[in-house]
2 protein chains.
Amino acid sequence: MDSLPRTQASPGGHKILSAFDCARCQARGSCLPACGAGATGVGQLVGRRLRVARDAPLYHCGDAVNGLFYAVRYGSFKTYRADAGGRPRLAGFQLGTDMLGLDAIGLHQHSCTVVALEDSEVCEVSSDSMHGKHQHNAALQRLFHGVLSKEIAREQYLAMLLRNTRADQRLAAFLLQLSWRYAARGYSASQFRLAMSRIDIADLLGLTPESVSRLLYRFKQSGLIELSGRDIRLHDAAGLKAVVVGEGDAAPAPTSTAPPPRGTETTPDTGQQ
Amino acid sequence: MDSLPRTQASPGGHKILSAFDCARCQARGSCLPACGAGATGVGQLVGRRLRVARDAPLYHCGDAVNGLFYAVRYGSFKTYRADAGGRPRLAGFQLGTDMLGLDAIGLHQHSCTVVALEDSEVCEVSSDSMHGKHQHNAALQRLFHGVLSKEIAREQYLAMLLRNTRADQRLAAFLLQLSWRYAARGYSASQFRLAMSRIDIADLLGLTPESVSRLLYRFKQSGLIELSGRDIRLHDAAGLKAVVVGEGDAAPAPTSTAPPPRGTETTPDTGQQ
DNA sequence: CGGAACGTTGACGTACATCAAACTAGGTGG
DNA sequence: CCACCTAGTTTGATGTACGTCAACGTTCCG
């Protein structure tokens, strides 16, 4: 890849914490061992915890995989991936309980670079053990397959979002999805602080920071959101959803008589952007 | 979803063929049981084969899943999925040995609609049996996890492709990928017949049929391809790759002195569009 | 043979990128 | 604590890739 922010200490330069039992983790309800850590024995899956400093990479594109993937314990990450021209582009954000490295399970080296957006911690999980010593745990297998499958659906959703949609639709969808994801983790759905820069958002959505800035301003003018810096408050989730669907405030003009709104429901919380 | 081509006989209206042993399938080398059907016991996985007529759906968005997914035995399919506005959009093409329904393994109902592009046949695989009676087959588990993981990587690649790229980059990447996929299946990499319409291509790439038509014409003028109707021949794969990377014939003008081409390699055959 | 999809070609408009410049905030060193 | 500096953010002016609309040609199938 071209010029990734290979800033801090290379892979392995994280603070390594002792082994850990998922049964005692506060995120156990919404993480991999969702169906009950004790019963499934997921607790034994987690090898180590790694602490990753802000802007430091968890792993790099090209690094060896070693049969591991990761669950975000707290903090947040961004994932870079080479685009058609070989230049690195943002491929997604990962919040607490999201998984990292699922796309590399069959491979020998990572195909993307993961960088912490803030001081964060991840749990190391052995994918080898999933078809190794844990292969007889049917509940765990089912759970794991579900996690992989959901990841596929997530990526499909993102690919969907990035196609024919206008810029305002993308941004509105992004904000709503963030809101859902925070809500699913027990935080406020209507008020949060963006962990990522406008540049990162623009990169993810296939836009320029200038466009993002202008669109946020327009949303603010329309009364859909309120924001100062990276603190954001969603005032009118329904209005944002209308933007996503394609109605909404297409023109900066006020509420014109819109054609009959379409009935179909918007996409479900298919997570991780 | 809105108005999918619910044309022919509803789900279940396919011709059902008898059970089948993968060991005797000619595609066994490149399908799920790639590591040797006998050894892994994949042969027992496949329940039935279904024959699906051209334009007929294999399953619909909303249909019950029943713990099954599918491997394309011959023919080809297209996958529709609801976009942000609830309207159906093309999400991908599947050729022989590709998998269908992997994204629904954890779910109770399908989130996309699959339609045959031509008379085709699929093999039914039980995902339940993967964490059921086959859970002790470590080689098979590993293989299955690899398939799921690769699917994630594929979707990530597609999402990547559809973002900041220009229309010509997308189309060139699409053609090259088709070429790779045909080659991987033992067909000619440089000459094939498109199973899908321009409309379908446009829909997949987030373009209009008009744009696709104009771009194909431009590629033809540049000597990159040769085409009549749906028959296409790739003359200059390197030239197409240059287009993908961002150099190539940006202007319809002939070979102008281009700035030094970038060194990085293009994306690997990460398959299924 | 007729009709309906599909495909091509042209003229035109617009959403968003690009370029450029000013403003703001966070971090660092004096 | 303030000066400074860089990275991030905002705002404006301008250009262009690609969508839209419209008309015509072509293929395919009943």
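Remember, predicted model here, so these are calculated numbers, not experimental data. (Residues numbered from 1 in each chain as written. Chains lettered and ligands numbered in written order. Predicted model: local features only at pLDDT ≥ 70, side-chain atom pairs only at ≥ 80, totals over all residues. Heavy atoms only, no water.)

Novice: Where do I start with the protein's contact with DNA strand C in this structure?
Specialist: Near DNA strand C, the surroundings consist of 16 residues, among which A167(A), L207(A), S211(A), R198(B) and R214(B) are the closest. Those atoms of DNA strand C that come within 4 Å of the protein belong to sugar or phosphate at a rate of 65%. Within the contact set of DNA strand C, a phosphate oxygen lies 3.1 Å away from a side-chain nitrogen or oxygen of S213(B). R214(B) places a polar side-chain atom, nitrogen or oxygen, 2.8 Å from a base nitrogen of DNA strand C. Listed by contribution, the elements that provide at least two residues to the surface near DNA strand C are α6 (209-221) of chain A together with α4 (198-205) and α5 (209-221) of chain B. Among the elements that make up the surface near DNA strand C, the one with the highest residue count is α5(B) (four residues). Residue composition of the surface near DNA strand C, grouped by class: four nonpolar, five polar and seven charged. (Near = heavy atom within 4 Å. Polar contact = N/O pair within 3.5 Å; in protein donor to acceptor, adjacent residues only side chain to side chain. Helix = DSSP H or I, 4+ residues; strand = E, 2+ residues; numbered from the N terminus. Nonpolar A, V, L, I, M, F, W, Y, C, P; charged D, E, K, R; others polar.)

Novice: What am I meant to see in the relation of the copies chain A and chain B here?
Specialist: Copy one and copy two of the chain differ by a rotation about a common axis and a shift along it. It takes a turn of 180° to lay chain A on chain B, together with a shift of 0.0 Å along the axis; the resulting RMSD is 0.0 Å. When the rotation and shift are considered jointly, the pair of chain copies conforms to a two-fold rotation axis. It is A159(A) whose C-alpha, among those of chain A, lies nearest the rotation axis, at 2.0 Å. (Least-squares fit on C-alpha atoms with pLDDT ≥ 70 in both.)

Novice: When you look at the pattern of salt bridges in this model, what are you seeing that I'm missing?
Specialist: Pairing between side chains becomes possible if they bear opposite charge and their charged atoms approach one another. For the structure on display, the rule yields 32 salt bridges over all chains. Among the salt bridges present, the one from R89(B) reaches D83(B), with a minimum N-O distance of 3.7 Å. For the residue pair R89(B) and D83(B), the accessibility class agrees, reading buried in each case. What emerges from the salt-bridge pattern is a single network uniting D98(A), E151(A), R154(A), R181(A) and R185(A). (Salt bridge = Lys/Arg side-chain N within 4 Å of Asp/Glu carboxyl O. Buried < 20%, exposed > 50% of the residue type's maximum accessible area, 1.4 Å probe, protein only.)

Novice: Would you take a moment to explain the protein's contact with DNA strand D for this structure?
Specialist: Lining the immediate surroundings of DNA strand D are 16 residues, of which R198(A), S213(A), R214(A), A167(B) and S211(B) lie closest. A distance of 3.1 Å is found between a base oxygen of DNA strand D and a side-chain nitrogen or oxygen belonging to R214(B). Among the elements of the structure, α5 (198-205) and α6 of chain A together with α5 of chain B are those that each provide at least two residues to the surface near DNA strand D. For the surface near DNA strand D, the element with the most residues is α6(A), which contributes four residues. Of the residues contributing to the surface near DNA strand D, the split by class is four nonpolar, five polar and seven charged.

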